[in-house]
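Working through the structure, step by step
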Amino acid sequence: MKKTLYLLLFAFIVLTIPANAKKKTVISDRQWWAGQAYKMAQPVLENMAKGELQKNMQMEFSPSFDNRNRKVAYMECFGRLMAGIAPWLALPDDNTEEGKMRKQLREWALQSYRNAVDPKSPDYLCWGIGGQNLVDAAYIAESFLRAYDALWMPLDKQTKEEYFKEFKKLRKIDPPYTNWLLFSSTIESFMAKAGGDYDQYRVNSAIRKMEEWYTGDGWYSDGPDFTFNYYSSYVFHPMYLETLQAMVDAKANTRLDYQKYYNRELSRCQKFSIILERFISPEGTFPVFGRSIPYRNAAMQPLALLAWYKQLPKELTNGQVRAALTKVMHRMWDKGDNYNEKGFLNIGFCGHQPQVADWYTNNGSEYMASLCFMPLGLPADDAFWTDAAQPWTQVKAWNGQDFPKDHLWKDQIQTHDKW
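Attention shifts here to empty space enclosed by the protein. Tallying each qualifying case throughout the model produces 2 cavities of 30 Å³ or more. Roughly 40 Å³ of internal volume is contained in the largest cavity. Every residue lining the largest cavity is listed: Tyr230, Tyr234, Phe286, Pro287, Val288, Phe289, Ile293, Arg296, Ala299 and Phe349. Partitioned by chemical class, the residues of the lining of the largest cavity number 9 nonpolar, no polar and 1 charged. The space that makes up the second largest cavity amounts to roughly 30 Å³. At 3 residues, the largest contribution of residues to the lining of the second largest cavity is made by helix 10 (residues 181-193). When its residues are assigned to classes, the lining of the second largest cavity shows 4 nonpolar, 1 polar and 3 charged.

This part takes up the layout of surface pockets. What the largest pocket holds in volume is close to 290 Å³. Elements with a contribution of two residues or more to the lining of the largest pocket: helix 13 (258-279) and helix 17 (393-397). Among the elements that line the lining of the largest pocket, the one with the most residues is helix 13, at 6 residues.

Another aspect to go through is unusual backbone geometry. The backbone phi angle of Lys251 is positive, close to 55°, even though this residue is not glycine. Looking at the secondary structure, you find Lys251 in the loop between helix 12 (231-249) and helix 13. In the Ramachandran plot, Arg296 falls in the positive-phi region, its phi being about 55° despite a non-glycine side chain. Relative to the helices and strands, Arg296 resides in the loop between helix 13 and helix 14 (301-309). Overall, Arg296 belongs to the buried group, its relative accessible area being 0%.

This part takes up the pattern of salt bridges. Close approach of charged atoms allows side chains with opposite charge to pair. Tallied over the full model, the rule gives 30 salt bridges. Close ionic contact of Glu166 with Lys169 constitutes a salt bridge, the shortest N to O distance being 2.9 Å. Taken together, the residues span about one helical turn, with Glu166 and Lys169 both in helix 9 (residues 157-169) at a distance of 3 residues. Residue Glu166 is classed as buried on the basis of its relative accessible area, which comes to 1%. A salt bridge links Arg171 to Glu188, with the nearest nitrogen and oxygen atoms 2.9 Å apart. Residue Arg171 is located in the loop between helix 9 and helix 10, and its partner Glu188 is located in helix 10; the two are separated by 17 residues in the primary sequence. A single network of salt bridges, built from pairs that share partners, joins Arg30, Asp94, Glu98 and Arg102.

Moving on, we come to the side chain of Asn115. Mapping Asn115 onto the fold places it in helix 6 (residues 97-116). Polar side-chain contacts of Asn115 include one of 3.4 Å to the backbone oxygen of Ala49. Discounting chain neighbours no more than four positions away, the residues touching Asn115 are Met48, Ala49, Lys50, Gly51, Ser121, Asp123 and Tyr124.

Counted by the stated rule, this structure contains 38 aromatic pairs. A centroid spacing of 5.2 Å and a plane angle of 90° characterise the contact between Phe144 and Tyr163, whose relative ring orientation is edge-to-face. You can see Phe144 sitting in helix 7 (residues 132-146) and its partner Tyr163 sitting in helix 9, a full 19 residues away along the chain. Phe144 gets classed as buried once you look at its relative accessible area, which sits at 0%. Between the aromatic rings of Phe384 and Trp385, the centroid separation amounts to 4.9 Å while the plane-to-plane angle is 90°, which identifies the pairing as edge-to-face.

Where helix 12 contacts helix 13, the axes come no closer than 9 Å and their chain directions differ by 155°. As summarised for this structure, helix 12 and helix 13 are arranged roughly antiparallel, according to the angle between their axes. Like other packed secondary-structure pairs, helix 12 and helix 13 cross with a definite hand, here left-handed. Listed contacts from helix 13 to Ser232, Ser233, His237, Tyr240, Leu241, Leu244, Gln245, Met247 and Val248 of helix 12 are Tyr258, Gln259, Tyr261, Tyr262, Glu265, Leu266, Arg268, Cys269, Phe272 and Leu276. Its residues assigned to classes, the contact of helix 12 with helix 13 comprises 12 nonpolar, 5 polar and 2 charged.

As a further point, take helix 13. Between the first and last C-alpha of helix 13 there are 31 Å, a value that for 22 residues agrees with the 32 Å anticipated at 1.5 Å per step. Within helix 13, 18 of the 22 residues are buried, which leaves the element mostly enclosed by the surrounding structure.

A few words now on the nonpolar core. Soluble globular proteins: nonpolar side chains tend toward being buried together. Judged by nonpolar contacts, the single largest core of 136 residues is most densely connected at Leu45, Tyr113, Trp127, Ile140, Tyr163, Phe167 and Phe190. Of the residues forming this core, the biggest block, 11 residues, is contributed by helix 5 (residues 72-89). Ignoring any residue separated from it by four or fewer positions in sequence, one finds Leu45 in contact with Phe78, Leu81, Met82, Ile85, Leu105, Trp108, Ala109 and Ser112.

Definitions and limits used
Residues numbered from 1 in each chain as written. Predicted model: local features only at pLDDT ≥ 70, side-chain atom pairs only at ≥ 80, totals over all residues. Heavy atoms only, no water. 1 Å grid on protein atoms, 1.4 Å probe; cavity = no way out; pocket = protein on both sides within 12 Å on 5 of 7 lines; lining within 4 Å. Points joined across faces, edges and corners; volume = space filled by probe spheres on them. Nonpolar A, V, L, I, M, F, W, Y, C, P; charged D, E, K, R; others polar. Helix = DSSP H or I, 4+ residues; strand = E, 2+ residues; numbered from the N terminus. Buried < 20%, exposed > 50% of the residue type's maximum accessible area, 1.4 Å probe, protein only. Salt bridge = Lys/Arg side-chain N within 4 Å of Asp/Glu carboxyl O. Polar contact = N/O pair within 3.5 Å; in protein donor to acceptor, adjacent residues only side chain to side chain. Contact = heavy atoms within 4.5 Å. Phe/Tyr/Trp six-rings, centres within 6.5 Å; stacked < 30°, edge-to-face > 60°. Axes fitted to C-alpha atoms, helices over the stretch in contact; angles between N-to-C directions. Parallel < 35°, antiparallel > 145°, perpendicular 65-115°, else oblique. Left-handed = near helix turned anticlockwise from the far one by under 90°. Expected span 1.5 Å × (residues − 1). Core = buried A, V, L, I, M, F, W, Y, C linked by side-chain atoms within 4.5 Å.

So this is what it looks like as structure tokens:
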């Protein structure tokens, strides 16, 4: 009798366990990252490859949106997305599930690049209709810099010429005296690398201004007056590094020693990445401040960039950076309301929060969040993915473990103009 009761109890327990709990599939951090990147990219690139992005994208604009042409949203969406996933798409093809997703996205992306500059395409982007175009054309140029062989070189000659033409038209835009100077320098330095005509003054004047605006300890002032925001993450460190590297690649001979400037800026970026890692709480949150809050985890772009470059500072291990970034992304993306009904990002920081938007924000702007995916450009067997997860600084600090001290850091490399 007891035996029968035990068997019935066991059967009841087994039958009432949810099916997914009986056989739970454990996925790696990389698989999860790749799934999130594909989820973000697929609706954009599949539609744009067909010339249907502007027809099908479900749009959302800030409650305080200004009077600019709303069609800029499509360039924002495409350019920012591609800047983030370009390193991933540059990996060689393979027969894994991830490889199949990556190949499909790359094929869609290449057709989307063509449509973006084809006046006959319904998804021809609104080049040159306003200042905002300078910003997002820079992200398109940045995507070419980040995956030059995979995304720029395969384009046909006519498409490349169209990009040069569209980029040159943007010289009529006078950028504000802020991080916008780097949008000009990113476009011009890309054209230098790609063998096109480029405006040396727009590159070098931006570099000189960055040096004037450097405040110390890894931070840049967003213009003549210091502004406490994440633009050192969103723009300054990544686009300054990429401008300098592109000029090195172009073998440009001007008054500036681009390699020395690059080496110094890399050290500054490493210092700033140490600060960013310390911002990440044990729960995977980080401080929310400044403008452009809805760019979400783009605030962590320098960490992602240096991981992809394999240039993380010695104070940060692959295991702790991957664990910290993964925790941040789970904290942000596991919420179910970051996307709208058609699968496009909505406005918000952690969920749908339209009121945090600025006057220039639309949901195309939100694709800055893709910038955290750059470590996917490392192969699956790279140490960033295979090293064991490790506690990051705040986990150690709040759990009574030893953790490194932090001190003021200063430039060690000096530069001067060649005369």
